[in-house]
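Geometric and topological summary
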Amino acid sequence: MLDTLKLRIYQGKQYIKDIKNATVKEKFRGFPIIESDTIDETICPLGAISNNPAAVDMGKCTFCGCCARNTKAVKFTNFYKLASTSREKLIITEGMNEKDFYKSAIEVNKEIKKIFGHSLKLRQVSAGGCNGCEMELNACSNVNFDMGRFGIDFMASPRHADGLVITGPISENMAFALEDCYKSTPDPKIVILTGACAISGGIFQNSQKLNREFISKHKIDLYIPGCPVHPLTFINALLDYLGI
Amino acid sequence: MNWLINDNNKCESIFDIPVLSINDLRQEIIQMKKRVVGFFGKQENDNVHLFVVLADDSEGKLYVSSAIFPPEIKEYESLTQELPSFHMFEREFYEEFNIKPLNHPWLKSVRNHKNKYEFFEMKGDEIHQVAVGPIHAGVIEPGHFRFMCCGEKIYELEIQLGWQSKGVEQLFLTSHSNRLAESVCGDSVVAYNIAYSNLVESLSGCEITNKAQLIRLIALEMERCAIHIGDLGAIAGDIAYLMGASIFGATRTLVINTMLEISGSRFARGLIETGGVNYDIDLALSDKIVSVLDKVSNDVERTVKTMLKSPTVASRLEKTGIVSKETAIEMGFTGMTARASGVNLDTRFDYPDKWYKDIENRSTKADGDVYSRTRLRYKEIKQSIYIIKKFLKELEKYSTEPLRVHCPNKMKPDSFVVSMTEGWRGEVVHIAITDTNGKFSRYKIKDASFNNWYALALAVRNNGISDFPLCNKSFNLSYCGNDL
């Protein structure tokens, strides 16, 4: 017993006090900055880069850094607040910086804020996810990030949830279960796409075994880019969306 | 010779692989009494070419042979009757090529459950079914579990997977890249990427520098270390030992944040590229890694000792979810699952490269229960930290070497390579065959989970259903590694 107490005291408190202003290490590849009006599109194995105008689609990008290593046209900053309520805003063009992006990326919905601002319970559905995003979402609830302090938690049943968090490119075999889960979630509800796979199919976008009907059928409330999504990206996206 | 004897990561001509009749091949496989690591088909015009890779782990050699099924032959006598470890491989082969292994005891599909499937059912007044999934209560990947219970006791568990199936092997044929390799199984990013890179480098005759090799292996061991710590936390959480769950969770953060300092990603995505690695570990970073690992080692040791001393913890872990050594050998379980049952399989030491050759690998006492799997993880965390420190020291000698060398785009035509890497779960096997143009004509991936899922089904028999999450976490098998 004494050992247990000693260990507990030795560990102390390890939570990140100010989640909103936490910094990530310099090497982290976050918001991309484009410094040229043309980029070699073929560099990107994901097709996230396009020209006319030169752009990087954060909804497709896995932040692998391949473009930054091979050209001078793209540079990654360690800015991690990458989420947006609009799919189009994830496309970053030349000259955009992280501050401009962040200012308009997330539109707070007043009604959502009123209903879910103090408590948001989510149901996570991995629809072909590789376990990368899933592990990072689990990390959101660990003692470092401690998402629960804001009243945001993952629920065991969609019937107890206010929204869905989807990871993975939505495999054919999971399409029915995902739709079922959506139907089981009571209204009003929100749908959050987490990670490059969920937003665009990511590296699996050309697979024959996907069924992404769900995405076109339902309203998507929040897009959170990453591969996998960093816990700080995820938590801050929700805080901004709820206007906390 | 009926077998081609090959090494790990060694490129051989496809024409050197013997082609036998299926009956002869079957007899050969039964006589060889070796462990199966590959059993897969390849469509060649109208014929189906079946390749078999067996492993001799004591001498570190791979045995390859094959058989051709002309279109009129649609069945053969199954191997599973004689060698149960083939059961998943034959099911997969049947599903993909519709060639039926006769008298297979359980010829159920692996990934595509198109038709209505009747689960195994027990009948009786006291018997009830529990269906779980595909969407689970926690934040994990999907899979379906069907329990046959009598009261609280599990009599039988049937595991139905395939929900994650994304056609990964097909994607490797059309557009393979390091990015695809590291996305197959997101908790084994480094292991998968090393297996793929070694394979491509072997096919294109590219020799990477010592420095790049060491950085890859450091990342591999850090991945092992991070996941094992995280899983110790999950095991602690499942027995409501919440202090353990919290401390291991925070300790894992230290390790993966160090990975971020090396590669810019907490899971080392973007670190490994064919031809070498993208990021260096300089002296300052090396010192930092050592100091973090010292703290991690100390914290893990202290927490594990405190945890395992607690009688309530021991009572939940000991004699729960047992997989015997005999079962593990017979069913062909690999990696951590096998080691926890006393079967010493570890690709790092069975097929050693020049770095692992001198590292001593002591086996520990293993009873095949959750306690053994917990102890094994603890042992492997300590071992990985020791290896990382050793490799970091080694790395200093090669500081002037380049990180990456040019890897020719062209791969050898008509070749065959088996690439095995020991991920934290066990062997990650990538097998490739190239066509006359030097393009992949078949890419086969086998995760340790493909063998080991059945270990979970056997482990939970006669255990309370409340111990299922604990048993499951003690293995922590991969869904997408199985479903591909």
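A quick note: this is a predicted structure, and the numbers were derived from the prediction, not measured.

The rules we used
- Residues numbered from 1 in each chain as written.
- Chains lettered and ligands numbered in written order.
- Predicted model: local features only at pLDDT ≥ 70, side-chain atom pairs only at ≥ 80, totals over all residues.
- Heavy atoms only, no water.
- Helix = DSSP H or I, 4+ residues; strand = E, 2+ residues; numbered from the N terminus.
- Rg over C-alpha atoms; globule rule 2.2 N^0.38 Å.
- Buried < 20%, exposed > 50% of the residue type's maximum accessible area, 1.4 Å probe, protein only.
- Contact = heavy atoms within 4.5 Å.
- Areas by Shrake-Rupley, 256 points an atom, 1.4 Å probe, with all protein chains shown as cover.
- Lys, Arg positive; Asp, Glu negative; His and termini not counted.
- Charge placed at Lys NZ, Arg CZ, Asp CG, Glu CD.
- Salt bridge = Lys/Arg side-chain N within 4 Å of Asp/Glu carboxyl O.
- Arc of directions from axis to C-beta.
- Buried area = accessible area lost by both parts, 1.4 Å probe.
- Polar contact = N/O pair within 3.5 Å; in protein donor to acceptor, adjacent residues only side chain to side chain.
- Nonpolar A, V, L, I, M, F, W, Y, C, P; charged D, E, K, R; others polar.
- Pairing = 2+ DSSP bridges.
- 1 Å grid on protein atoms, 1.4 Å probe; cavity = no way out; pocket = protein on both sides within 12 Å on 5 of 7 lines; lining within 4 Å.
- Points joined across faces, edges and corners; volume = space filled by probe spheres on them.
- Phe/Tyr/Trp six-rings, centres within 6.5 Å; stacked < 30°, edge-to-face > 60°.
- Lys NZ or Arg CZ within 6 Å of the ring centre and 35° of its normal.
- Domains from an automatic or database assignment.

**Here we look at the overall build of chain A**
Helices and strands together make up the secondary structure of chain A, namely 9 helices and 10 strands. Its C-alpha atoms give chain A a radius of gyration of 19 Å, within 12% of the compact-globule value 18 Å for 244 residues. Based on the C-alpha atoms only, the size of chain A along its principal axes is roughly 60 × 45 × 35 Å. Buried positions account for 61% of the 244 residues belonging to chain A. Residue pairs at least 24 apart in sequence account for 77% of intrachain contacts in chain A once pairs closer than 6 positions are excluded. Taken as a whole, chain A presents about 10400 Å² of accessible surface, with 51% of it coming from carbon and sulfur. Here chain A contributes 30 positively and 26 negatively charged side chains, and the mean placements of these two sets differ by 6 Å.

**Digging into the pattern of salt bridges**
Residues and elements named next belong to chain B. All chains considered together, the criterion is met by 47 salt bridges over all chains. In this structure, D346 and R339 form a salt bridge, with 3.5 Å as the shortest nitrogen-oxygen distance. Here D346 and R339 have matching classes, each one buried. Of the charged contacts in the structure, one is a salt bridge between R339 and E380, with a shortest N-O distance of 2.8 Å. With a gap of 41 residues between them, R339 in helix α11 (residues 335–340) and E380 in helix α13 (residues 370–395) connect regions that are remote in the sequence. We classify R339 as buried; its relative accessible area is 6%. The structure contains a network of salt bridges with shared partners spanning E221, R224, R339, D346, R348, E380 and E422.

**Considering helix α3 (residues 98–105) of chain A**
All names here are of chain A. Within α3 the residues assigned to the buried category are E98, F101 and A105. Around the axis of α3, the buried residues are gathered within 65 degrees of arc, so they sit on the same side. Away from the buried face of α3 by more than 90 degrees, exposed residues K99 and K103 are located. Buried residues in α3 make contact with β1 (32–34) and β5 (91–93).

**Let's talk about the interface of chain B and chain A**
Counting from both sides, the interface comprises 59 residues of chain B and, opposite them, 56 residues of chain A. Carbon and sulfur atoms supply 58% of the area buried between chain B and chain A, which totals about 4600 Å² over both sides. Salt-bridge contacts for D3 of chain A lead to K309 of chain B; the nearest nitrogen and oxygen are separated by 2.6 Å. On inspection of chain B and its partner chain A, the count reaches 27 residue pairs in polar contact (both at pLDDT 80 or more). Taken together, the elements giving at least two residues each to the side of chain B that touches chain A come down to α3 (168–174), α4 (178–183), α7 (242–263) and α8 (283–309) of chain B. Here the side of chain B that touches chain A takes 11 residues from α7 of chain B, the largest share from any one element. Considering only residue class, the side of chain B that touches chain A consists of 21 nonpolar, 21 polar and 17 charged.

**Here we look at the sheet that holds strand β14 (residues 415–422) of chain B**
All names here are of chain B. Judged by pairing direction, the sheet is antiparallel, and its 4 strands sit side by side in the order β2-β14-β15-β16 without closing on themselves. What marks the edges here is a single partner per strand, and that holds for β2 (12–13) and β16 (440–446). The pairing of β14 with strand β15 (residues 427–434) spans 7 bridges and is classified as antiparallel. Pairing of S419 across the sheet is with H430, part of β15.

**What to know about the layout of surface pockets**
Here the largest pocket defines a volume of roughly 1300 Å³. Every residue lining the largest pocket is counted, 46 residues in all, and those nearest its centre are N138 of chain A together with V139, I140, A234 and K473 of chain B. At the level of secondary structure, the elements contributing two or more residues to the lining of the largest pocket comprise α5 (132–140) and β7 (152–154) of chain A together with β9 (127–132), β10 (144–150), α6 (210–238), α7 and α15 (468–475) of chain B. In terms of residues, the lining of the largest pocket owes the most to one element, α6 of chain B, which gives 7 residues. When the residues that make up the lining of the largest pocket are grouped by side-chain class, the tally is 25 nonpolar, 12 polar and 9 charged.

**Quick word on the packing of aromatic side chains**
All names here are of chain B. Going through the model one piece at a time under the given rule, you end up with 27 aromatic pairs over all chains. Three or more aromatic residues joined by ring pairs make a cluster, and in this case those are F39, F69, Y76, F86, F89, F93, F97 and F450. Above the face of the W106 ring, R91 is positioned so that its terminal group lies 4.9 Å from the ring centre. The ring of F119 has R146 sitting right over it, with the charged end atom 4.0 Å from the ring centre.

**Focus: the domain arrangement of chain B**
Residues and elements named next belong to chain B. Taken domain by domain, chain B holds domain 1 (4–102) and domain 2 (178–444). Taken together, the 31 residues of domain 1 in the interface contact 26 residues of domain 2. Ranking the residues of domain 1 by area buried against domain 2 places N9, C11 and F40 at the top, with a combined share of 24%. Scanning the region where domain 1 abuts domain 2 turns up 3 salt bridges. Notably, a salt bridge pairs R35 with E427, separated by 3.0 Å at the nearest N-O pair. Counting every contact that joins domain 1 to domain 2 gives 13 residue pairs in polar contact (both at pLDDT 80 or more). The element best represented in the side of domain 1 that touches domain 2 is strand β4 (residues 35–44), accounting for 6 residues.

**A short note on the side chain of N142 of chain A**
Structurally, N142 of chain A is set in the loop between α5 and β7. Polar side-chain contacts of N142 of chain A include one of 2.9 Å to the backbone nitrogen of N144 of chain A.

**Details of the environment of V229 of chain A**
Residue and element names in this part refer to chain A. Inspection of the secondary structure assignment puts V229 in the loop between β10 (222–224) and α9 (231–242). The class of V229 is buried, set by a relative accessible area of 2%. A C-alpha to C-alpha distance of 8.2 Å links V229 and G132, two positions 97 residues apart in sequence. Once residues lying within four places of it in the same chain are set aside, the contact partners of V229 are C133, E136, T194, G195, I224 and F234.

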